[in-house]
Amino acid sequence: RRSRCKHSLAQMKFILFLFATFFVTLTIGSNCYNYNICTECLNQDGCGWYNYTNSCENIDSGLNLVTDYCPPPLPPNVNQWCDRYTNRDCLTCVQNSFMSKCGWNGTNCMWFSAQPNLARRLDQCPYIPSQDRCSTNTKCEYCVGNSRNGCKWSVDGKFCFNSNWRTNVTDGVTVCPMPPNYDPRCMWKSTCELCYRFNEYNACGWALNGTCVEVRSGIPVYPNVTMCPYNPKVDTCQYNPYYNQSCGVCLSDTHCGWGDGGCWSTKGNKTVSTDPTVCPYLRSKDLCVSKYHYNCFTALTSGKGMCGFSLKNNTAIELRSGITDLITDATQCRPIDGDDTCSNSIRRLITPDECEPCTSIAECGWSESDKICYAYNRANSTFPLTKTCPIPPCSQQKTCKECGKVPKWACGWSFVNNTCVVAKNRFDVQQFPNMTWAMHEPTDPTIALTCATSPKVCSSEYMLPYLCNDTEKYPFDIKNCYTNSAVRSPSCTAGFFKVNETTKDFWGNRKVDEKHIKCCPGYYCPENFVCAKKCPDGSFCVLSKANYTSVDENGESYQPDLEVDKEKELKPVYCQPYVPTLVSPQLGCGGAATAASCKSGYYCPNTTTQIICPEGSFCRKAATKPTSCFPPPLFGLLRAFISCPEGSQYPESRTLIVFIVPIALIIIPLMNYLISKAIRKYRTNQKIRRQNYRKRLLIDNDEEEDALLGEEETVGLPGEDSVVLERREVGVDLEVDINCLYVDPVIPLNITFDNLCVTLGNGQMILKNVNGTFYSGRLTAIMGPSGSGKTTLLSAIMGKVNGRSGRVNPDVQRCKSVIGFVPQEDVMHRELTVRENLSYSAKLRMSNKISTTQRRNMVAAAIELLGLTGVQHSLVGDETVRGVSGGQRKRVNIGIELVTCPSILFLDEPTSGLDSSMSLSVCQVLKKITQVKVNVVAVIHQPRYDIFDEFDDIMLLRKGGSVVYSGPKDEVVKHFADQGFVGPLYQNPCDYFLDLISGPQELKVREGVVEKAEQSIVRRDSAGYLAQTWWIFVRGLVQQWRQLNTVHSDVMLAILSGVIVGLVYRNVSEVQIPQAAFLLVLVSSLTSMVISLRLFGAEKIVYWRESSAGLSSVSYFFGKNLASFPSFALTAVVFLLFYYVLSEPRGVYEMYFSILVVNHFCVSGFAHFLSILMHPHKAQLFGVVLTMIQCSVCGFSPTLTTLKEISPILYYGAHFSFCKWMMEALFIVNVKSFTEALNPTKDSMLKTFGYDMGNLLTCFMVLLGMGLFWRTLSLLALKYANRRQRR
């Protein structure tokens, strides 16, 4: 029992607790119910205004309350309009609602603003087949007959449905399909009306030719009966007796009009009127008398325009009655109780305290004491009425929320002026007689409709539900920000996003509040969307602030006053820091509207911080960290040329200092030239003074003169003339031991030729059956008049001509290693010295087994033998650089072959261009080398006697290429004497012989002895491929050192190009990167082309001579390529240094240098190919033109995308252009440095130009592949082209 009592006591305590809780809750919550005015309700804490019931409710009630500002009042008795359908269904609610303002929440029919997410359209209601009235029509004809009610016939399902309700059915039609065999009998219907009247399946139609035809015939018909042409025979207005008896009855039909004393159709040709005032006036039918009678004010307001009032008769009369003393101004009426349409009619439409609609009506006035609208004719001294309403207390409100709490939208907050202003255009008022008005939100675009809220929390977790998803798919938020939508959310404004805050009360009822939040820092909110996006790296996204202050004439800032400063032209209000973004009139300044890039001169380590760029660094647009002003590897050198003060957007080049280097490179050679010229002039004067001194002393002894003066010699330096003050021509030294020249004994080798003929392609024979033998250890001279085929015979024996026939034993082409050939022209490297020409010839053609000392001794012996000791360190020289004399050059030409220790030495006119003394010295050298069994064969043109005496054998050819004599020199005189030809006593026998064989005399021919025995092929080891490559490389470096003028000009060209390109595109913006890259591609490609054309084209003839002597084409090719790289590297470094300093591109220096190197590797290979196959002048022309063509399809203009549209052939052909790959590589290395904030710019450029960011390695590989391809072709051309010249 005790436990039972305790249990009962606990239950009673719990019940008392529930009653106490309910009482406290009721007491606290009932405070809000005491306020019946919206402004008083919103001034109370914890209260909100419920517009649906026009009552103040507790904020945690779960209802859709307004807490910011008072909304417009709902129409009177709004609850009754929707509540009467509450116990019905969704269909009845939405179809019968007042002005479509009711919505169904699943159980009740409510006013549209009472609760969100109400079903207000039929298609939002659940479909109930039993309520679909269209479904009762079982036939298609009955169904489409109700098409005006939304009925359609489903062709597939064979049922009728409401198309406004069942929107998922897509096969509905409003015209029934006609059976195929149906006969509508259209042709029997004589009029248009009958054609459409009984028209099952809409099968008939009235044709343009005036007959009724079947629609399926395809003949054009009128769409419906209302379009039928007028037919006077069936004018229903004319033939209706009731219409013709009364004008009013006639005009009651919209198709009829009154005129010509009767009722006629408006389609006819009768002139009729549809205005009721055209009907005859009848006193008994006077509408004004019957409706208004003695109510003057009511008649002249409600019947305004139709009625007048007779003060005399105190009655209202129609104006068309013709009475002249009628008044039409309602303010002239005498005031009568009850005769006040202003107080009677307007009071039903507006609340008592609305002054503006009343005063806007001409016939009404406002009573400030009663707060009621009265007829203005009642105004007098005791009953004052006004036409001016008091100004709401808007200026006293200091914040947006306070401004919004003023009743009836009387005030609005202006974010543009940062003040609360009087709202305009709140009412739509229509004057009498159809007086209506409606209050709505102010339409003034300069005031706000809501107050934005600053974000309290901006964490990534908080922002996650509000991030945008498909902003790229649609240009705006279709649900919330549709352009023409009447419920467009204010959050669609840029810089704001929408937050729906949901709360629950004690009983679990949900409450949803829509708030417009400023975009959080680190995010941006795009226009026409209610969501946010995270700002990418490199952008600066913070809350903005309006610059409300203006500047006066004195430059001082002040806060503008609209009333005082309205005459002034005020500056627009911007949202800092997003200038020129204007402040939103509806919400003010929010957050970031776009992902604004970090400003130039600043860097943004994150999206909410912007720091000024420190000294020694520069910060481009959208930078996330400062960039060093002095990047490696040139940071030490760059300090002298560029500077970066604090806040630098880009490095500031010290242009004057930059130009010091090219100016110095111009001045230094000029000073060198002037100094050298002064030295030469001084030495010349010294020479003249010494010569004059010798003359005065009458010194005749040459030895004493040499002892006094000495032999003076100056070796020419690269780039200037060789200075030779006195150089005595030294003769050959025949006392030199010839065995010092030949390390190994010479293998004796005779040359036998039998029936040797040479015939040209046109059939002309140059040589005819030439026979003979050239013996080793003997000097054989081939002589004859011009055109006798002397050089052709020499070339035919060596296998250098086409069209040769006959036998040559042994085959000279197979004995190249022991054969030497001295051409008539002095073919050698003119930029090398005498010793260097001979030394490199020995190194390239002699075996690697010969030691360096032996090779040096051989060269020294050859120089001493040829009498070149005094000029061995002098440049050979050419037309532009003075070097050795012509005779010395001829001996150098011979020495190039002598140092190779040949067994057979062929010489083509070695004495041409020399004086007789020098010619004798040359022949004495040739005679001396025969002592070691060398077979020497020379073509000689008219030698003097002492030269002739040096020959062992001679061969005389006459014109036509036939042999006159071939044999020993000692027997030639006897041979002609036996024929009766004896020369004069003191005449040179050679001259006599040549004159004799040039004449018409018949001479007996003595041919040489032809040895039948076959001689074995003699070969000798030469330098290997690697050795030849090495010596070609070394020789190439020496050549470049000796050609410093050319290197200097290349460097100056590189500097000039770097300066021009750097200045043209200096500190380029993001969109200028393709232009700068294109100019760099064009300049670098043309420079590489011009420089590379000289490598093989300038010494092509020298290569032919060396190749015919056994030089490997592969070794020559690789050696020359390796030797050319240092000069290019120097040129590229200098060019890139000036370009990089002036232009400051976004790519790193090392990457730019790598791209220039691989591009040069590709372009130079192409240039080598052209220079090998073409004449140098043609090669330059073709190289420049082809480079320009390739650069024109590199993807800059036209772009690759445009090329693909123009022609696929051009698009795919552009991929074979080296300019395209270099252009793409430069584009990628520059764009690769973009931060995420510049991704839109990068994506736009990639789409425009058609490049791919992942192709950087591909660009390098393609350029290297192209370079290898062109170098392979160049090597093949070097090896197989011009083979006749290299035999």
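Refer to the structure presented above.
Keep in mind that what you see is a predicted model, and the values were worked out from it rather than measured. (Residues numbered from 1 in each chain as written. Predicted model: local features only at pLDDT ≥ 70, side-chain atom pairs only at ≥ 80, totals over all residues. Heavy atoms only, no water.)

**Considering the pattern of salt bridges**
- The full count for this structure, using the stated rule, is 18 salt bridges.
- Here Arg944 and Asp946 are joined by a salt bridge, their closest N and O atoms 2.5 Å apart.
- For Asp946, a relative accessible area of 28% translates into the label partly exposed.
- Close ionic contact of Glu1070 with Arg1146 constitutes a salt bridge, the shortest N to O distance being 2.9 Å. Linking Glu1070 in the loop between α28 (1044–1064) and α29 (1073–1097) with Arg1146 in the loop between α31 (1113–1143) and α32 (1149–1173), this pair joins segments that are 76 residues apart in sequence. By the burial criterion, Glu1070 is buried, and Arg1146 matches it.
- One continuous salt-bridge network, built from bridges that share partners, spans Arg845, Glu897 and Arg1105. (Salt bridge = Lys/Arg side-chain N within 4 Å of Asp/Glu carboxyl O. Buried < 20%, exposed > 50% of the residue type's maximum accessible area, 1.4 Å probe, protein only. Helix = DSSP H or I, 4+ residues; strand = E, 2+ residues; numbered from the N terminus.)

**Notes on the packing of helix α27 (residues 1025–1042) against α31**
- Packing of α27 against α31 leaves a shortest axis separation of 7 Å and a crossing angle of 35°. The interaxial crossing formed by α27 with α31 has right-handed handedness. Here Tyr1025, Gln1028, Thr1029, Ile1032, Phe1033, Arg1035, Gly1036, Leu1037, Gln1039 and Gln1040 of α27 come into contact with α31, specifically with Ser1115, Tyr1116, Phe1118, Gly1119, Lys1120, Leu1122, Ala1123, Ser1124, Pro1126 and Ser1127.
- For the contact of α27 with α31, the residue count by class is 9 nonpolar, 9 polar and 2 charged. (Axes fitted to C-alpha atoms, helices over the stretch in contact; angles between N-to-C directions. Left-handed = near helix turned anticlockwise from the far one by under 90°. Contact = heavy atoms within 4.5 Å. Nonpolar A, V, L, I, M, F, W, Y, C, P; charged D, E, K, R; others polar.)

**Topic: the nonpolar core**
- Core analysis: the biggest nonpolar cluster contains 81 residues, and Tyr1152, Phe1218 and Leu1226 have the highest contact counts within it.
- Among the elements that make up this core, the one with the highest residue count is α32 (12 residues).
- The contacts of Leu1226, once residues within four sequence positions are left out, are Ala1077, Leu1080, Val1081, Tyr1152 and Ile1155.
- Grouped together as the second largest cluster of nonpolar side chains are 62 residues, Ala862, Ile863, Ile929 and Val964 included. (Core = buried A, V, L, I, M, F, W, Y, C linked by side-chain atoms within 4.5 Å.)

**What about helix α36 (residues 1218–1231)?**
- Counted at 1.5 Å a residue, the expected span for α36 with its 14 residues is 20 Å, and the 20 Å between its end C-alpha atoms agrees.
- Looking at where α36 begins, the residue whose side-chain oxygen comes 3.3 Å from the main-chain nitrogen of Cys1219 is Ser1217. (Expected span 1.5 Å × (residues − 1). Polar contact = N/O pair within 3.5 Å; in protein donor to acceptor, adjacent residues only side chain to side chain.)

**Things to note about the sheet that holds strand β5 (residues 151–154)**
- Taken together, 3 strands build an open sheet; the order of strands is β6-β5-β7 and the sheet is antiparallel. Looking at which strands have only one partner, the edges of the open sheet turn out to be β6 (159–162) and β7 (172–173).
- The sheet contact formed by β5 and β7 spans 2 bridges and is antiparallel. If you follow Ser154 over to β7, its bridge partner there is Gly172. (Pairing = 2+ DSSP bridges.)

**A short note on the packing of α31 against α32**
- Running from amino to carboxyl end, α31 crosses α32 at an angle of 135°, the nearest separation of the two axes being 10 Å. One finds that α31 runs oblique with respect to α32. When you trace α31 past α32, the crossing you get is right-handed. For the pair α31 and α32, the contacting residues are Asn1121, Phe1125, Phe1128, Ala1129, Ala1132, Val1133, Phe1135, Leu1136, Leu1137, Tyr1139 and Tyr1140 in the first and Tyr1149, Tyr1152, Phe1153, Leu1156, Val1157, His1160 and His1168 in the second.
- In the contact of α31 with α32, the residues fall into 15 nonpolar, 3 polar and no charged. (Parallel < 35°, antiparallel > 145°, perpendicular 65-115°, else oblique.)

**Focus: the sheet that holds strand β36 (residues 765–774)**
- Reading across from one edge, β36-β35-β38 is the order of the 3 strands in this open sheet, with antiparallel pairing throughout. Of all the strands in the sheet, the pair left with one neighbour each is β36 and β38 (804–809). Strand-to-strand twist of the sheet, defined as the mean angle between neighbouring strand axes without regard to direction, takes the value 5°.
- Two elements, strand β35 (residues 751–759) and β38, share 5 bridges in a ladder whose sense is antiparallel. Note on β38: the bridge partner recorded for Thr752 is Asn809.
- Strands in contact with helix α19 (residues 790–798) are β35, β36 and β38; relative to β35, the strand with the most contacts, it is inclined by about 115°.

**So, unusual backbone geometry**
- In this chain, Gln576 is followed by Pro577 through a cis amide linkage whose omega measures 5°.
- Looking at the element boundaries, Pro577 is found in the loop between β28 (575–576) and β29 (602–606).
- Cis geometry marks the peptide bond from Asn809 to Pro810; its omega dihedral reads -5°.
- Structurally, Pro810 is set in the loop between β38 and β39 (819–822).
- The backbone phi angle of Glu909 is positive, close to 50°, even though this residue is not glycine.
- Judged by its relative accessible area of 14%, Glu909 falls in the buried class.

**Some thoughts on a nonpolar patch on the surface**
- On the surface, Ile663, Ile666, Ile667, Leu670, Met671, Tyr673, Leu674, Ile675 and Ile679 cluster together to form a nonpolar patch covering roughly 850 Å² of accessible area.
- A relative accessible area of 46% places Tyr673 in the partly exposed class. (Patch = residues over 30% accessible without salt bridge, like charges linked within 9 Å, V, L, I, M, F, W, Y side chains within 5 Å. Areas by Shrake-Rupley, 256 points an atom, 1.4 Å probe, with all protein chains shown as cover.)

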